[in-house]
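Here is how the chains run, residue by residue.
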Amino acid sequence: MLLRKKVIIITGAGGGLGAGLARVCHREGAAVVVADVRAEAAQSVARPCGRRGLAVACDVRVDADLRRLVAETVRRFGRIDGLVNNAGVNFAKAFLDTTEDDWERVISVDLKPVFFLTQYVCRQMLRQKPGGGSIINISSVHSQAVLPGSGPYDAAKWGVVGMGKSIAVELAARGIRVNTISPGLLNTQIWKDIMAAAPSRKECLAHWRAQIPLGRVIEPDEIGELAAFLLSDRSRSMTGANVLADGGMSSQLISKEPYEPKPIQGRDK
Ligand SMILES: NC(=O)c1ccc[n+]([C@@H]2O[C@H](COP(=O)([O-])OP(=O)(O)OC[C@H]3O[C@@H](n4cnc5c(N)ncnc54)[C@H](O)[C@@H]3O)[C@@H](O)[C@H]2O)c1
């Protein structure tokens, strides 16, 4: 087991990717702190973890909630070894129509609390013995290439990559590592919404298969396995990295033609 005796906080863990992260961390032996603004959802994810699970109602937009999350974790488990900044809201609206309220809504969840919760957790990690720990920020394939109408989301997701590198180089000598995971399309509510909005399931699957070289969406537990590795001592050589888990999506310039093109040869002079 990769995470035996480790105590890991995961934000936004009441559903979607966060619930998968919590499941895998628990399976790998960690005590998991399931933090979510939806208290009942957090409890239903923490319950199967038994004594190695703790649900904390936490709105990451509220500074007092972030401080209480750290305090409740230390009160229950005595220390913190890992943090996954996962809570996030999605956004799609034309740039020219985007308001200050839209900007605040995204940045107040996807960017600002990543900085301050990391700070509160790192202060605790430096106080405890043995000190140090591992932080993961959940960014997105949007940290490589973007979609129209996603400005605030992109600002936040590029922001957490840079912020992660900055904290990584600052705290490396003190035993704290900070890495980012950039997932591609995940099998969470977003994918269900995309399918529901398409004229047919068949067309929707064909479109996305063409966009993702692996030919499928990524399961939350698959990102959980990557996160477990980055939270564990096995990844001790890694800090400041942005690890893509996007099924090859960002490596593909455009999708393949739906017809078989003739071979193209360069012309010699
Ligand atoms: N789904 C994808 O395809 C995809 C792709 C790349 C990156 N991501 C990122 O993965 C993360 C999780 O996404 P998801 O698809 O699981 O989303 P989701 O909407 O299914 O789950 C998000 C969770 O965060 C919680 N949450 C929302 N606002 C919160 C707040 N203010 N305080 C505390 N908790 C809050 C929600 O209650 C929910 O449980 C996000 O950061 C997202 O940007 C998702």
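Please refer to the structure placed before this passage.
Rules used throughout
Residues numbered from 1 in each chain as written. Predicted model: local features only at pLDDT ≥ 70, side-chain atom pairs only at ≥ 80, totals over all residues. Heavy atoms only, no water. Near = heavy atom within 4 Å. Polar contact = N/O pair within 3.5 Å; in protein donor to acceptor, adjacent residues only side chain to side chain. Areas by Shrake-Rupley, 256 points an atom, 1.4 Å probe, with all protein chains shown as cover. Helix = DSSP H or I, 4+ residues; strand = E, 2+ residues; numbered from the N terminus. Nonpolar A, V, L, I, M, F, W, Y, C, P; charged D, E, K, R; others polar. Salt bridge = Lys/Arg side-chain N within 4 Å of Asp/Glu carboxyl O. Core = buried A, V, L, I, M, F, W, Y, C linked by side-chain atoms within 4.5 Å. Buried < 20%, exposed > 50% of the residue type's maximum accessible area, 1.4 Å probe, protein only. Contact = heavy atoms within 4.5 Å. Phe/Tyr/Trp six-rings, centres within 6.5 Å; stacked < 30°, edge-to-face > 60°. Axes fitted to C-alpha atoms, helices over the stretch in contact; angles between N-to-C directions. Parallel < 35°, antiparallel > 145°, perpendicular 65-115°, else oblique. Left-handed = near helix turned anticlockwise from the far one by under 90°.

Engineer: Would you take a moment to explain the site of the ligand for this structure?
Structural biologist: What surrounds the ligand is a group of 27 residues, the closest being Leu 17, Asp 36, Asn 86, Tyr 153 and Thr 188. Contacts to the ligand include Leu 17, whose backbone N or O atom sits 2.7 Å from an oxygen atom. One nitrogen or oxygen atom from the side chain of Thr 188 is found 2.8 Å from an oxygen atom belonging to the ligand. Across the complex, the protein chains shield 88% of the 820 Å² of accessible surface that the ligand would expose by itself. Going through the elements one at a time, α1 (16–27) and α6 (151–171) are the ones with two or more residues in the shell around the ligand. Counted by class, the shell around the ligand contains 12 nonpolar, 10 polar and five charged residues.

Engineer: Before we go on, may I ask you to explain the pattern of salt bridges in this structure?
Structural biologist: Side chains that differ in sign of charge can pair as their charged atoms come close. Enumeration according to the criterion identifies 13 salt bridges in this entry. Between Lys 6 and Asp 233 there is a salt bridge, with its nearest N and O atoms 3.2 Å apart. One end of the pair, Lys 6, is in the segment before β1 (7–11); the other, Asp 233, is in the loop between α9 (220–231) and β7 (242–245), with 227 residues separating them in the sequence. Here Arg 79 ties to Asp 81 by a salt bridge, and the two come within 2.8 Å at their closest N and O atoms.

Engineer: In this structure, what is going on with the nonpolar core? I would like to understand it.
Structural biologist: Nonpolar side chains tend toward joint burial in soluble globular proteins. Core analysis: the largest hydrophobic core is formed by 34 residues, its most contacted members being Ile 9, Cys 58, Leu 69, Leu 117, Val 121, Ile 135 and Ile 176. Secondary structure elements with two or more residues in this core: β2 (31–36), β3 (53–57), α3 (63–77), α4 (100–110), α5 (112–127), α6 and β6 (176–183). Considering every element that reaches this core, the biggest residue donor is α6, with seven residues. With residues near it in sequence (within four places) discarded, Leu 117 still touches Thr 11, Leu 66, Leu 69, Val 70, Leu 83 and Asn 85. Of all hydrophobic cores here, the second largest spans 31 residues; its members include Leu 21, Val 84, Ile 218 and Ala 245.

Engineer: Explain the packing of aromatic side chains here, please?
Structural biologist: Aromatic ring pairs are reported here in terms of the distance separating the ring centres and the angle at which the planes meet. In total, this model carries two aromatic pairs according to the counting rule given. Ring geometry for Phe 115 and Phe 116: centres 4.9 Å apart, planes at 75°, overall edge-to-face. Under the relative-accessibility criterion, Phe 115 is labelled partly exposed at 35%. Judged by relative accessible area, which is 30%, Phe 116 ranks as partly exposed.

Engineer: Can you walk me through the environment of Ile 80 in this structure?
Structural biologist: Tracing the backbone shows Ile 80 in the loop between α3 and β4 (82–85). Between the C-alpha atom of Ile 80 and that of Val 121, which follows or precedes it by 41 residues, the distance is 7.3 Å. Excluding its chain neighbours within four sequence positions, the residues that come into contact with Ile 80 are Val 7, Ile 9, Val 70, Thr 73, Val 74, Val 121, Gln 124, Met 125, Gln 128 and Gly 132.

Engineer: Which parts of the structure should I look at to understand the packing of α1 against α9?
Structural biologist: When two helices pack together, you describe them by how their axes are tilted relative to each other and by the distance separating the axes. Packing of α1 against α9 brings their axes to within 8 Å, and their N-to-C directions diverge by 55°. By the angle between their directions, the pair α1 and α9 is classed as oblique. Like other packed secondary-structure pairs, α1 and α9 cross with a definite hand, here right-handed. From α1, Gly 16, Leu 17, Gly 20, Leu 21, Arg 23, Val 24, Cys 25 and Arg 27 reach across to α9, where they touch Pro 220, Asp 221, Ile 223, Gly 224, Glu 225, Ala 227, Ala 228 and Leu 231. Residues of the contact of α1 with α9, tallied by class, amount to nine nonpolar, three polar and four charged.

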